[in-house]
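Structural features, examined
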4 protein chains.
Amino acid sequence: MKKSEQTEQKIMLAAGEIFSEKGYSAASTSEIAKKAGVSEGTVFRYFSTKKELLVRLVKYGIEMFSEDIAIKPLIELTRAKKNGQDFLYEVSMNRYDLWVKYRNLFKIVIHELSFHMEIKELFDKYICEKVESILSSTYEDYIKSGDFREDIDSHSAIRSFSGMIFILFMEHAHSNENSREKMQRDIKTTIDIFINGVGKK
Amino acid sequence: MKKSEQTEQKIMLAAGEIFSEKGYSAASTSEIAKKAGVSEGTVFRYFSTKKELLVRLVKYGIEMFSEDIAIKPLIELTRAKKNGQDFLYEVSMNRYDLWVKYRNLFKIVIHELSFHMEIKELFDKYICEKVESILSSTYEDYIKSGDFREDIDSHSAIRSFSGMIFILFMEHAHSNENSREKMQRDIKTTIDIFINGVGKK
Amino acid sequence: MKKSEQTEQKIMLAAGEIFSEKGYSAASTSEIAKKAGVSEGTVFRYFSTKKELLVRLVKYGIEMFSEDIAIKPLIELTRAKKNGQDFLYEVSMNRYDLWVKYRNLFKIVIHELSFHMEIKELFDKYICEKVESILSSTYEDYIKSGDFREDIDSHSAIRSFSGMIFILFMEHAHSNENSREKMQRDIKTTIDIFINGVGKK
Amino acid sequence: MKKSEQTEQKIMLAAGEIFSEKGYSAASTSEIAKKAGVSEGTVFRYFSTKKELLVRLVKYGIEMFSEDIAIKPLIELTRAKKNGQDFLYEVSMNRYDLWVKYRNLFKIVIHELSFHMEIKELFDKYICEKVESILSSTYEDYIKSGDFREDIDSHSAIRSFSGMIFILFMEHAHSNENSREKMQRDIKTTIDIFINGVGKK
DNA sequence: GATGAATGAGACTTCATTCAT
DNA sequence: AATGAATGAAGTCTCATTCAT
């Protein structure tokens, strides 16, 4: 990696931490420069604008995330055709690990989503659509194979499942006791609810 | 209502709109003053600090919300003992109407939650706990009455249901086609999933 | 005069001096603020932009100049119908006094003319056209009265005369020996050349 | 021409364009470097300072101009002894062509004259004095030969004539319709005024 | 000899906050 | 009680200049 690329990385890394910590607009470029160990002028050599720093940072993060989400799980999935329960568990844990890895990125994206069109577009295009497309095709396989009900449209199902998982992650993010083991148990319960419902048979 | 209270209200109203529109830290007190139709000095007569304006605004909003959520539905609930499905539907639609009414407040709370301890505490204390306590006692009634499974702890169930509904609201907030009718249908589907699951019996 | 108008004046005055001394773009707002005896923030309360400060300053100066040039000499002119020689002398000396009074303004206008469209427009509209219109009508009176040649178009004549006077002012501005007496003599010589030419009869 | 001289030329050329376009102090060295097709570092290898770039550029330009003005016209003048009218016409058109050729240089010199002593000195020494000395000796020849009046001192005459021509050039520079033909006509009129005056005989 | 990455001082500008009126 | 003028600290950004490669 060239030196200039290293500098760019250092700046994006520092910006990622500070943006996620105090939000884009409360973060100052001087603080970012200091954390990155470069002068403020250098920040603007690489990113002509504070906003551009945000957008490039998110774009770069999402690209990396995109690779991680697209490649890794599909390989594991095709390797062993699992039942719905196990599949969802794998997907959720994989997402959880990604969540941990990309925690800062997600925090930034979720926060700045509503203030910056560019971020919303990246989010819609590279996260929502991608996740939906991966899940929906698999979901419909399970319908065809007779495991899942046909009278629930896959969009609603996926949305509901995503919401359950999303809020679970949030709870863990904001709580102190957030071990991987607890997460495993919580995910299993959540999937149980999703597949079997809470109603008594 | 006294004149001074009116002024305070005007300022909080204006602040609510601007905070929700561009975020707390990107909002400027001068813009708030202008929208409220008062001078900048006046803002600081009522709120010694921009941050205090945020906190008092959220506190006030949450108190009003608290009354709305605590009183209205409980009356309706006790009036007619419903089955779980109908109860959840009522609750969800009621929450949806509240969401619409308190849209700005929620947007602010969700955004500033992670940057301001005071907001997080208010949120935990007056929203999470309140909602959880209302729902969990009812939920356990349904367990006892044999409608719901005993092997799912009420916290997990409530969390999952909240997540499903939350993300549904989000989808509507960010989409263009967001009529009340569509919401009614979506909520019914979501409750169906929650109670019966997606798995084939 | 209200206090706020006083402040605005102080800032424009300071800006006028510094702009004329080192040019618009080499002048710094902090220096202007210091010279005006206000804080830098105050400068931007009155002029949202450094550029706006320049434009408003020029506009204001030109308006004052416009009044001075339009009203004063016309009164004197109508009072006593003079011959061409005396008329031009009066006009030139009047212009010289204005030049001394508006020295800074002219320096700024002449310098920034070519970099800022707004200034050029103000200059064309309020100085060139005004001066031309005042002079040309009078000039044509002299033609009609048989004092001046008919075969020189008034625009060329006025342009030539203005150039002679302009460069004379410039010489005085850049020289050390620039008394009013010397100017009077130089103007008389210049007018002699203009009316009689340098060629021998 | 050596390679290093070429580079120096390229930089001065680029600087000349940008300085004349937006003024010395609003021009940035990075822009100059880009336009010259060299790196920013290179600019500072050849010119230790932005200011030095300006001064050397002007010095170099004035030297070239000096040769052009001193050599060419004198040859033509001595070749054919003309009358005053024709002589002035030749000189003016020659100056006009030089003006077109050195347009950028003149614009820079005129603008920076009052902000940089070095430029003013170069201007006075190499342009004013030179032009004055060339013209004044010739002018006095015409006095002696009885063509021109003796009662006008040559400095005043030359100054007046220069002003007329200067402002004519300015008018052309700022107007759209600025053909060489129009200039020829305007110069002839101007000279007519200069020699014969506008007064009726 | 040339490059372009890095710097840091300083530019313009914003804004929460104070205070005389 | 209310105003809005004034502040000054801090923010984003620019740019001449240096220096390792």
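Fair warning: this is a prediction, and the values are worked out from it, not measured in the lab.

Criteria and thresholds
Residues numbered from 1 in each chain as written. Chains lettered and ligands numbered in written order. Predicted model: local features only at pLDDT ≥ 70, side-chain atom pairs only at ≥ 80, totals over all residues. Heavy atoms only, no water. Axes fitted to C-alpha atoms, helices over the stretch in contact; angles between N-to-C directions. Helix = DSSP H or I, 4+ residues; strand = E, 2+ residues; numbered from the N terminus. Parallel < 35°, antiparallel > 145°, perpendicular 65-115°, else oblique. Left-handed = near helix turned anticlockwise from the far one by under 90°. Contact = heavy atoms within 4.5 Å. Nonpolar A, V, L, I, M, F, W, Y, C, P; charged D, E, K, R; others polar. Buried area = accessible area lost by both parts, 1.4 Å probe. Salt bridge = Lys/Arg side-chain N within 4 Å of Asp/Glu carboxyl O. Core = buried A, V, L, I, M, F, W, Y, C linked by side-chain atoms within 4.5 Å. Buried < 20%, exposed > 50% of the residue type's maximum accessible area, 1.4 Å probe, protein only. UniProt positions renumbered as here; feature names shortened; annotations may be inferred. Least-squares fit on C-alpha atoms with pLDDT ≥ 70 in both. Polar contact = N/O pair within 3.5 Å; in protein donor to acceptor, adjacent residues only side chain to side chain. Near = heavy atom within 4 Å. Phe/Tyr/Trp six-rings, centres within 6.5 Å; stacked < 30°, edge-to-face > 60°. Lys NZ or Arg CZ within 6 Å of the ring centre and 35° of its normal.

1. Things to note about the packing of helix H5 (residues 84–101) of chain B against helix H8 (residues 154–174) of chain B
All names here are of chain B. Across the interface, H5 lies against H8 with an axial gap of 11 Å and an inter-helix angle of 40 degrees. Classified by the interaxial angle, the pair formed by H5 and H8 is oblique. Crossing geometry of H5 relative to H8 is assigned as right-handed. On H8, the residues that touch Leu88, Ser92, Arg95, Tyr96 and Trp99 of H5 are Phe161, Ser162, Ile165, Phe169, Met170 and His172. Among the residues making up the contact of H5 with H8, the classes are represented as seven nonpolar, three polar and one charged.

2. A short note on the interface of chain A and chain B
Tallying the contact residues gives 46 residues for chain A and 46 residues for chain B. Buried area between chain A and chain B, both sides added, is near 3900 Å², and the carbon and sulfur share of it is 59%. The residue B:Arg149 makes a salt bridge to A:Asp192 at a minimum N-O spacing of 2.9 Å. Within the residue set of the side of chain A that touches chain B, elements represented by two or more residues are helix H1 (3–22), helix H6 (103–112), helix H7 (117–144), helix H8 (154–174) and helix H9 (180–196) of chain A. By residue number, the principal contributor to the side of chain A that touches chain B is H8(A), which donates 13 residues. In the side of chain A that touches chain B, the residues fall into 15 nonpolar, 17 polar and 14 charged.

3. Regarding the nonpolar core
Ranked by internal contacts, the top residues of the largest apolar core, which has 119 residues, are A:Phe19, A:Leu53, A:Phe194, B:Phe19, B:Leu53 and B:Phe194. With nine residues, H7(A) is the largest single contributor of residues to this core. If we skip the residues at most four places from it in the chain, B:Phe19 touches B:Tyr24, B:Ala27, B:Ile32, B:Lys50, B:Leu53, B:Leu54, B:Leu57 and B:Ile108. If you look at the next biggest cluster of nonpolar residues, it comprises 118 residues, including C:Phe65, C:Trp99, C:Ile127 and D:Tyr139.

4. Some words on the UniProt feature "DNA-binding region" (unreviewed entry) in chain A
The UniProt feature table records "DNA-binding region" (unreviewed entry) at residues 28–47 of chain A. Counted over residues 28–47 of chain A, helix gives 75% and strand 0%. Its end C-alpha atoms are 14 Å apart.

5. Brief notes about the relation of the copies chain C and chain D
Overlaying chain C with chain D gives an RMSD of 0.2 Å, the required rotation being 179 degrees about an axis along which the chain moves by 0.0 Å. Such a turn and shift between the copies fits a two-fold axis. Relative to the rotation axis, the closest C-alpha in chain C is found at C:Gly197, a distance of 1.8 Å. Most of the interface of chain C is mirrored in chain D, where 100% of its interface residues again form contacts.

6. Looking at the relation of the copies chain A and chain B
Mapping chain A onto chain B calls for a screw motion: a turn of 180 degrees about the axis and a shift of 0.0 Å along it, with 0.2 Å RMSD after fitting. The fraction of interface residues of chain A whose copies in chain B are also interface residues reaches 100%, indicating that both copies meet through the same surface.

7. Digging into the side chain of C:Arg149
Within the secondary structure, C:Arg149 sits in the loop between helix H7 (117–144) and helix H8 (154–174). Residue classification places C:Arg149 among the buried residues on the basis of a relative accessible area of 12%. In this structure the side chain of C:Arg149 is engaged in a polar contact, spanning 3.0 Å, whose partner is the side chain of C:Asp151. Of note is the side chain of C:Arg149, whose polar atom sits 2.9 Å from the side chain of D:Asp192.

8. Points about the protein's contact with DNA strand F
Looking at DNA strand F, there are 29 residues lining it, with B:Thr42, C:Thr42, C:Arg45, C:Tyr46 and D:Thr29 nearest. Near the protein, within 4 Å, the atoms of DNA strand F are sugar or phosphate in 62% of cases. A distance of 3.2 Å is found between a phosphate oxygen of DNA strand F and a backbone nitrogen or oxygen belonging to A:Ala27. A distance of 2.7 Å separates a phosphate oxygen of DNA strand F from a polar atom in the backbone of A:Lys50. Looking at the surface near DNA strand F, the elements that each hand over two or more residues are helix H3 (40–46) of chain A, helix H3 (40–46) of chain B, helix H1 (3–22) and helix H3 (40–46) of chain C together with helix H3 (40–46) of chain D.

9. Quick look at the UniProt feature "domain: HTH tetR-type" (unreviewed entry) in chain A
As annotated in UniProt, the feature "domain: HTH tetR-type" (unreviewed entry) corresponds to residues 5–65 of chain A in the numbering used here. Annotated as 80% helix and 0% strand, the span residues 5–65 of chain A places its first and last C-alpha atoms 19 Å apart.

10. Regarding the packing of aromatic side chains
All told, the structure shown has 42 aromatic pairs over all chains when counted by the stated rule. Judged by centre distance (5.4 Å) and plane angle (45 degrees), the ring pair of A:Trp99 and A:Phe169 falls under tilted. Highlighted residues: A:Trp99 in helix H5 (residues 84–101) and A:Phe169 in helix H8, separated in sequence by 70 residues. The interplanar angle of 85 degrees and the centroid separation of 5.4 Å between the aromatic rings of B:Phe65 and B:Tyr102 together place this pair among those described as edge-to-face. Taken together, the residues B:Phe65 in helix H4 (residues 50–79) and B:Tyr102 in the loop between H5 and helix H6 (103–112) connect sequence positions 37 residues apart. Under the relative-accessibility criterion, B:Phe65 is labelled buried at 4%. On the accessibility criterion, B:Tyr102 (8% relative accessible area) is buried. Every member of this aromatic cluster is reached through a ring pair, and the members are A:Phe65, A:Tyr96, A:Trp99, A:Tyr102, A:Phe106 and A:Phe169. Positioned above the aromatic ring of A:Tyr89 is the side chain of A:Lys188, whose terminal nitrogen or guanidinium carbon lies 5.0 Å from the ring centre.

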